[in-house]
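# Chains, contacts and geometry: an overview
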Amino acid sequence: MLSMTNISKKFGDLEVLKDISINVDQGKVIVVIGPSGSGKTTLLRCLNVLEQPERGEVSIDDQTIDFSQKVTKPEIRELRKQTGMVFQNYNLFPHLTVIQNIMEGPVTVQKVDKAEAREVAIRLLEKVGLGDKADVYPYQLSGGQQQRVGIARAMAIDPKVMLFDEPTSALDPELIGEVLQVMKDLAQEGMTMVVVTHEMSFAKDVADEVVFMDGGYIVERGSPTEVFENPQQDRTKRFLNLLQ
Ligand code: ADP
């Protein structure tokens, strides 16, 4: 469903991703963990071409972009249509109501009929437990509620893959659970997901594969049991010990 092959990405002289390859089968959840600055966000941003790597390929379903060739805007647009991205700071439009936020992508980018987009948005709002918040503005919601709107908005374009970039790290601890629950529900429904998070309990419960990154490399990968209970690499052990 989704693959990233031999991706390398530099910012100036700093090589942030070093020959990274990842495969995600349909319906699977990959959780990416690692210290701050290890390249996790950049990895996600390369997956939907918010950043352009120097080398390597990204494939979603039957579309492949080879970054060693010149990449065109229509190619990027096409790939983005397959991915829903959830950001750390929600990135909702403050001047639009909740339902307008969710309808924005389908109506302006995908040219979906407004009535149809509204129906989908209402269904998604109910799914994330905010059926009664359609007409309020983001500032009238808690951080957890805003992030659930962020998830509904990302889902509105009917993506093949959902990408989550530390979706709970801006939230007060008591609001984290409600967002993780929505993500767990999505995973259970068979959504293909790549999740960057520091929530190790989520990784243990939901991940099919855990990828540990450090210094732009994938240091270790495996099932949650393998990575958390029997890490092979010293760097992984040190990182996990620091969290305890
Ligand atoms: P993580 O998500 O694991 O914290 P990032 O992918 O955000 O790591 O960052 C990896 C490295 O790339 C860091 O050293 C960061 O400072 C650098 N970096 C990220 N984005 C940019 C950018 N737009 N310009 C320059 N350096 C960047």
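Preceding this paragraph is the structure being described.
What counts and what doesn't
Residues numbered from 1 in each chain as written. Predicted model: local features only at pLDDT ≥ 70, side-chain atom pairs only at ≥ 80, totals over all residues. Heavy atoms only, no water. Phe/Tyr/Trp six-rings, centres within 6.5 Å; stacked < 30°, edge-to-face > 60°. Buried < 20%, exposed > 50% of the residue type's maximum accessible area, 1.4 Å probe, protein only. Helix = DSSP H or I, 4+ residues; strand = E, 2+ residues; numbered from the N terminus. Arc of directions from axis to C-beta. Contact = heavy atoms within 4.5 Å. Pairing = 2+ DSSP bridges. Axes fitted to C-alpha atoms, helices over the stretch in contact; angles between N-to-C directions.

### What to know about the packing of aromatic side chains
Enumeration according to the criterion identifies 2 aromatic pairs in this entry. Taking the centre distance of 6.5 Å and the plane angle of 20° together, the rings of Tyr-137 and Tyr-139 count as stacked. Classification of Tyr-137 by relative accessible area gives partly exposed; the value is 32%. Classification of Tyr-139 by relative accessible area gives exposed; the value is 66%.

### As for helix 9 (residues 234–243)
Of the residues making up helix 9, those classed as buried are Thr-236, Phe-239 and Leu-240. Along the axis of helix 9, the buried residues cluster in a sector spanning 95°; they form a single face. Exposed side chains of helix 9 directed beyond 90 degrees from the buried face belong to Asp-234, Asn-241 and Leu-242. Contact partners of the buried residues in helix 9: strand 3 (29–33), helix 7 (200–206), strand 9 (209–214), strand 10 (217–222) and helix 8 (224–229).

### Some thoughts on the sheet that holds strand 2 (residues 14–24)
If you trace the 4 strands from one edge of the open sheet to the other, you get 2-1-4-5, paired in antiparallel fashion. In this open sheet, the two strands that pair with only one neighbour each are strand 2 and strand 5 (63–66). Strand-to-strand twist across the sheet, computed as the mean angle between neighbouring axes with direction ignored, equals 15°. Taken together, the 4 bridges between strand 4 (residues 55–60) and strand 5 define a ladder with antiparallel strand orientation.

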